[in-house]
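The lines below spell out each chain.
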Amino acid sequence: MWAETPNPLSFMILKSFFLSALLMGAALTAAAHKHTRHVDPFIGTAATGHTFPGATVPFGLVQPGPSSGVAGWKYCSGYIHSDARFWGFAQTHLNGTGCTDLGDLLIMPVSRQYAQIADTAGVAQSNDKVNLFGSRKGTETARPGYYAVELLDAGVRTEATATPHVAYYRHTFQPGARRSVYIDLQHGPTWTWEGYRKRVKECEFVWDDAQTLSGHIRSEVWVDKDVYFVISFSQPMTRFTSLNPIAGFKGSRLLVDFPDSGVLEMKVALSTHSVAGARRNLAAELPGWQQFDQTAEAAEAAWEQYLSRIDIAGTEEQMKMFYTSFYHALIQPNNIADVDGSYRNTRREEVKAVDGTEMYSTLSLWDTYRAAHPLYTLVTPEKVGAFVNSMIAQGEDQGFLPIWALWGKETQTMIGNHAVSVIAEAYAKGIKGFDAERAYAMVRKTLMESHPAKSNWEVYNRYGYYPYDLIPLESVSQTLEFCYDDYAAADFARRLGKKSDAKFFAARADNFKHLFDPTTRFMRPKDSQGRWRTPFHPDAIGHAESGTGDYTEGNAWQYTWHVQHDVPGLIRLMGGRERFLNKLDSLFVVELKDVNLPDVTGLIGQYAHGNEPSHHVAYLYALAGRPERTQELVREICDTQYHPTPEGLCGNDDCGQMSAWYMLSAMGFYPVDPVSGQYVFGAPQLPAVTLHLPGGRTFVIEAHNLSKDNLYVKEIWLNGKRWKKPTISHADIVRGGRLVFVMGGK
């Protein structure tokens, strides 16, 4: 009964990470990690995946790992696998996002004597000048909770592991070499070199003693955030040198020297609250030295505890892709609260987490409401209540539910407010651990009170859509996304017995009908006089960052299908099932040309699997009576858009959403409408899957006769009875049972 088993991460708070490793036992040998051995953290670290290979624990605050660059969209995670040189090791990283931030507090071991540190005042904007202590990289190794690399120029082998709040390093220097560590408090990915120069607003540090450095960095890239730190070394330093500051930079840089040669360990404890909080985190999770191997073992054991909740059969490539996807999905949301529950809210006030220990951020909700959060309700339901409480707490602080939350702050990124969907889905599925009335109050406030940056309910309620002449950016996409949130709110209100509210939100959920043009059969922008935008180019891709377009990271071809909550209604608008299916066929055939947006990738015709608005679309065939086409497309997408290589993700992983799509689709179903609690059948890509559920229950999925040619579902059986519905409910799955797909070649 895994839900009642002591969680290694919470246990560390009571004792220490090292002690928990001992209690989990020497029996956890490499052979015991049968699930983690299939994880390859390098998947998605090249091309557009934007993942990172560093060490972390599930939902942890820190992610120590390599940084190879800082400026531009390609460095959203701070690392690209093909880069030949390293800047060093940052303590925080984003996983698969399309925006830059984190990458805080760079450290770099240095073993050779640098003859002279160049005068960097007014330097050119280049890696070589700004990053004085970079090194060519040699062999890299990564597994869950562990990362290592040979630094060829630096002459050091560096290994990293982590607890929830502490990064732990072991630097092995060459015999007889000088031992130094470079510390850069300016570092972090930004959009431009000018942004890099300005990212740090405040920086301060102090030597508490010869082995301990503490301080605070306030930076602003995506959000304005505070990082408090304590750096502890296993030996006293002999001296430190403050390097010449770069003109216009506020972040400090120092070179710290140590005696002798051999191994130097260091720990970097972080807090979002205070330096005192960082000290408490260090004392609670990692108080001693010479525990690196045990800490890495405990980190991997924490991953195994989660990944073992699903057993699968399949090829080695499928195993690697599936468990790496599972791993990526659990890197976030991140618990930003200290071990005593302290954190800073959106107003930078010192507060406590609702339950005393957990406050989750890194909520990429425009992406993750679609599949990642539904996946959490299946595989980590004990965490969902805390996720919801965190959304409520941030909502109460800032006046509306989070849209895209990072480090406890609001980025205002993307559209809609899909915390509404996540909360409504959790309540509909019977998830416990949050106050439903308090949650609903924030849902209602969010969807009724305008916020200048992201909602204008006066305009919306007056016209029943966002007119493009009044809302000049993303008017169609905003209308469609808010329709789904209104539907979610209506469902939540209905379940709470709030009939008037349920009626109001249900009516607004129908607003998508106002933007459907029956002539072109596209969702088309309309002005405040009710006139369609003319000329109209359904291929034209909109993007708010470029300041153009009626759609969000997509076009009319992709967003016309964004009616997750009322597929029958969309079919009727199209003129019936045959017209709907013909239009859907065209989506996967008509070529999309002149794509100038890196988010629109993974193309099959106009379908863009690399971006989230397309993720449910292949499953619409199954809801319109052509399940065989869904089955063909699921096979094609799994085979062509996912590969167990650094280039293996066709788009940003987006905090686990891309990975969650793969996991659920490989199991045989997908939540087109998450709030409904229904999963639409596609076709399994694995011969067998076992979900280990709370209370010792299991849900077994089998695909009989599955092969390269047998990709079609001929029959479905649930608990020995023939199943003819196109969906299966969440309740059917979590009560346990056996789902059998009988596969065939046509």
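Since we're looking at a predicted model, the values are computed, not measured. (Residues numbered from 1 in each chain as written. Predicted model: local features only at pLDDT ≥ 70, side-chain atom pairs only at ≥ 80, totals over all residues. Heavy atoms only, no water.)

## A word on helix H17 (residues 567–574)
Within H17 the residues assigned to the buried category are Val567, Gly569, Leu570, Ile571 and Met574. Those residues of H17 that are buried lie in contact with strand S24 (516–517), strand S25 (522–523), helix H18 (577–587) and helix H19 (620–623). (Buried < 20%, exposed > 50% of the residue type's maximum accessible area, 1.4 Å probe, protein only. Helix = DSSP H or I, 4+ residues; strand = E, 2+ residues; numbered from the N terminus. Contact = heavy atoms within 4.5 Å.)

## Quick look at the packing of aromatic side chains
According to the stated counting rule, one finds 46 aromatic pairs in the structure shown. Plain terms: the ring middles of tyrosine 551 and tyrosine 559 are 6.5 Å apart, the flat faces sit at 35° to each other, and that makes the pair tilted. Like tyrosine 559, tyrosine 551 is buried. With centroids separated by 6.4 Å and ring planes inclined at 50°, the aromatic side chains of tryptophan 661 and tyrosine 670 adopt a geometry described as tilted. Look at tryptophan 661 and you get buried, because its relative accessible area is 0%. Residue tyrosine 670 is classed as buried on the basis of its relative accessible area of 1%. Each member of the aromatic cluster is reached from another via a ring pair, and the members are Phe59, Tyr306, Tyr360, Tyr376 and Phe387. The ring of tyrosine 146 has arginine 143 sitting right over it, with the charged end atom 4.1 Å from the ring centre. The cationic tip of lysine 267 hangs over the ring face of tryptophan 289; the distance from NZ or CZ to the ring centre is 4.1 Å. (Phe/Tyr/Trp six-rings, centres within 6.5 Å; stacked < 30°, edge-to-face > 60°. Lys NZ or Arg CZ within 6 Å of the ring centre and 35° of its normal.)

## Comments concerning helix H20 (residues 627–641)
For H20, which comprises 15 residues, the first-to-last C-alpha distance of 21 Å matches the rise-based estimate of 21 Å (1.5 Å per residue) to within 8%. Taken as a whole, H20 has its buried residues at Arg629, Thr630, Gln631, Leu633, Val634, Arg635, Ile637, Cys638 and Gln641. The inward-facing, buried residues of H20 abut strand S26 (603–604), strand S27 (607–608), H19, helix H21 (657–667), strand S29 (678–681) and strand S32 (712–718). (Expected span 1.5 Å × (residues − 1).)

## What about the sheet that holds strand S11 (residues 212–220)?
Read from one edge to the other, the open sheet built from 9 strands follows the order S2-S5-S6-S7-S8-S15-S12-S11-S10, with strand pairing classed as antiparallel. Of all the strands in the sheet, the pair left with one neighbour each is strand S2 (85–86) and strand S10 (200–209). Relative to strand S15 (residues 263–271), strand S12 (residues 224–233) is paired through 6 bridges, and the arrangement is antiparallel. For phenylalanine 229, the partnering residue across the bridge sits in S15 and is leucine 270. Along the sheet, helix H5 (residues 275–285) makes contact with strand S8 (166–173), S10, S11, S12 and S15, crossing S12 at roughly 50°. Across the face of the sheet, helix H6 (residues 292–307) comes into contact with strand S5 (135–143), strand S6 (146–151), strand S7 (156–162), S8 and S15 while running at roughly 45° to S7. (Pairing = 2+ DSSP bridges. Axes fitted to C-alpha atoms, helices over the stretch in contact; angles between N-to-C directions.)

## Quick notes on the confidence of the model for the chain
Residue-level pLDDT values for the chain average 92, and 92% of them are 70 or greater. Of the regions scoring below 50 in pLDDT, residues 3–28 engages in 43 contacts with residues more than four places distant in sequence or in other chains. Here residues 114–128 scores under 50 on pLDDT; set against residues more than four positions off or in separate chains, the count is 31 contacts. (pLDDT = per-residue confidence, 0-100.)

## Some points on the pattern of salt bridges
A full pass over the atoms with the stated rule returns 45 salt bridges. Notably, a salt bridge pairs aspartate 104 with lysine 225, separated by 3.1 Å at the nearest N-O pair. Separated by 121 residues along the polypeptide, aspartate 104 in the loop between strand S3 (88–90) and strand S4 (106–110) and lysine 225 in strand S12 bring together distant segments of the chain. In this pair, the class of aspartate 104 matches that of lysine 225, namely buried. For the salt bridge of aspartate 732 with arginine 735, the shortest nitrogen-to-oxygen distance reads 2.7 Å. Within this structure, Glu150, Arg157, Glu159, Arg170 and Asp293 form a network of salt bridges that share partners. (Salt bridge = Lys/Arg side-chain N within 4 Å of Asp/Glu carboxyl O.)

## Brief notes about the packing of helix H9 (residues 372–379) against H21
The geometry of H9 relative to H21 is characterised by a closest axis approach of 8 Å and an angle of 55° between their N-to-C directions. Considering their axes alone, H9 and H21 lie oblique with respect to each other. Seen from above, H9 lies across H21 with left-handed handedness. Here Ala372, Leu375 and Leu378 of H9 come into contact with H21, specifically with Gln657, Ala660, Met663 and Leu664. Of the residues in the contact of H9 with H21, the class split is 6 nonpolar, 1 polar and no charged. (Parallel < 35°, antiparallel > 145°, perpendicular 65-115°, else oblique. Left-handed = near helix turned anticlockwise from the far one by under 90°. Nonpolar A, V, L, I, M, F, W, Y, C, P; charged D, E, K, R; others polar.)

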